[in-house]
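Chain and residue survey
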Amino acid sequence: LKYSNKLKKNKKSLRKKDFEAFNVLLNFSVTIENNLQYSEKQKYIELAKDFLADEITADDFSYSFMAIYEGISPKLGQMRRNESLELANVLKPSRPKLSDLLARIYGSCDSFSPDPDITMADEQELKDCAQILLVELQKE
């Protein structure tokens, strides 16, 4: 990470300089991002419960889910820039099934609109996503 950041400062790329090191860093980054997503588990559970109990609308669920999901990237970016030792604390075994699920739900939320003329995902699809999310997260 330090080497990659040093190269970036000199407008060079780790990928071009050392492809093997780039792949190692990329794999670590994916694992860390997956685990940061998992650290938001309770927020995802509460959101799914609220939506399934009709305490929030499909639109609220969609925007809130996307906000949680997208909130990870700035955290990870800041940790990378600071070469934070905290990164080592989230370098645990990956949960690829969860990251795939979150990415699929994100796609459904991104495709949702309360306007039935322009939506590509409907409220029932979001309810199904929330139910699957709740079941998967409560297994852990």
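Everything that follows concerns the structure shown earlier in this document.
Residue positions are given per chain, counted from 1 along the sequence in the order it is written. The predicted origin of the model limits local features to residues at a pLDDT of at least 70 and limits the giving and counting of side-chain atom pairs to 80 or more, whereas totals for whole chains, interfaces and linings rest on all residues. Hydrogens and water molecules were not included; the side-chain quantities draw on all heavy atoms of the structure.

1. A look at a negative patch on the surface
Patch definition: residues above 30% relative accessible area lacking any salt bridge, with like charges linked at up to 9 Å and the nonpolar side chains Val, Leu, Ile, Met, Phe, Trp and Tyr linked at up to 5 Å. Accessibility throughout is a Shrake-Rupley quantity obtained with a 1.4 Å probe, and a residue counts as covered only by protein chains that appear here. When a carboxyl oxygen of Asp or Glu is within 4 Å of a side-chain nitrogen of Lys or Arg, the pair counts as a salt bridge. When charges are counted, neither His nor the chain ends are considered; positive counts come from Lys and Arg and negative counts from Asp and Glu. Charged groups are reduced to one reference atom each: NZ for lysine, CZ for arginine, CG for aspartic acid, CD for glutamic acid. Taken together, the side chains of Asp-122, Glu-123, Glu-125 and Asp-128 define an acidic patch exposed on the protein surface. What counts as a helix is a DSSP run of H or I of at least four residues, what counts as a strand is a run of E of at least two, and both are numbered from the N terminus. Locating Glu-123 in the fold gives a position in helix α9 (residues 123-139).

2. Focus: the pattern of salt bridges
This model, assessed by the stated rule, comprises 4 salt bridges. Between Glu-40 and Lys-75 there is a salt bridge, with its nearest N and O atoms 2.7 Å apart. Residue Glu-40 is found in the loop between α3 (19-38) and α4 (41-52), and its partner Lys-75 is found in helix α6 (residues 72-81); the two are separated by 35 residues along the sequence. Exposure categories follow from relative accessible area, calculated using a 1.4 Å probe and restricted to protein chains: below 20% of the type maximum is buried, above 50% is exposed, and the middle band is partly exposed. Here Glu-40 falls in the buried class, since its relative accessible area comes to 8%. With relative accessibility at 39%, the residue Lys-75 sits in the partly exposed group.

3. Side note on the state of the cysteines
Pairs of cysteine sulfur atoms within 2.5 Å are identified as disulfides in what follows. One pass over the full model with this rule turns up 0 disulfides. Among the cysteines around Cys-109, which has no disulfide bond, Cys-129 carries the closest sulfur, lying 6.6 Å off.

4. Focus: the packing of aromatic side chains
A ring pair, where both rings are aromatic, is described by two values, the distance of the centres and the angle of the planes. Here a Phe, Tyr or Trp ring, Trp counted by its six-membered ring, pairs with any other such ring whose centre lies within 6.5 Å, and the pair is stacked when the planes are under 30 degrees apart, edge-to-face when over 60, and tilted otherwise. Taken as a whole and assessed by the stated rule, the structure comprises 6 aromatic pairs. Between Phe-65 and Tyr-69, the aromatic rings sit 6.2 Å apart at their centres with planes inclined by 20°, giving stacked as the arrangement. Separated by 4 residues within a single helix, Phe-65 and Tyr-69 lie in helix α5 (residues 58-70), roughly one turn from each other. Connected via pairs of aromatic rings, a cluster forms that spans Tyr-44, Phe-51, Phe-61, Phe-65, Tyr-69 and Tyr-106. The lysine or arginine in question, Lys-127, covers the ring of Phe-51, its NZ or CZ lying 4.5 Å from the ring centre. Here, a charge over a ring is recorded when the distance from Lys NZ or Arg CZ to the ring centre is within 6 Å and its angle to the ring normal is within 35 degrees.

5. A few points about the nonpolar core
One finds Tyr-44, Phe-61, Phe-65, Ile-105, Cys-109, Leu-126 and Leu-133 to be the most contacted residues of the largest nonpolar core, which totals 25 residues. Those elements that provide at least two residues to this core are α4, α5, α8 (96-111) and α9. We call two residues contacting when some pair of their heavy atoms lies within 4.5 Å. Among residues more than four places away in sequence, those in contact with Phe-65 are Tyr-44, Leu-47, Leu-102, Ile-105, Tyr-106, Cys-109 and Leu-133. By nonpolar core is meant a set of buried Ala, Val, Leu, Ile, Met, Phe, Trp, Tyr and Cys residues that side-chain atoms within 4.5 Å join together.

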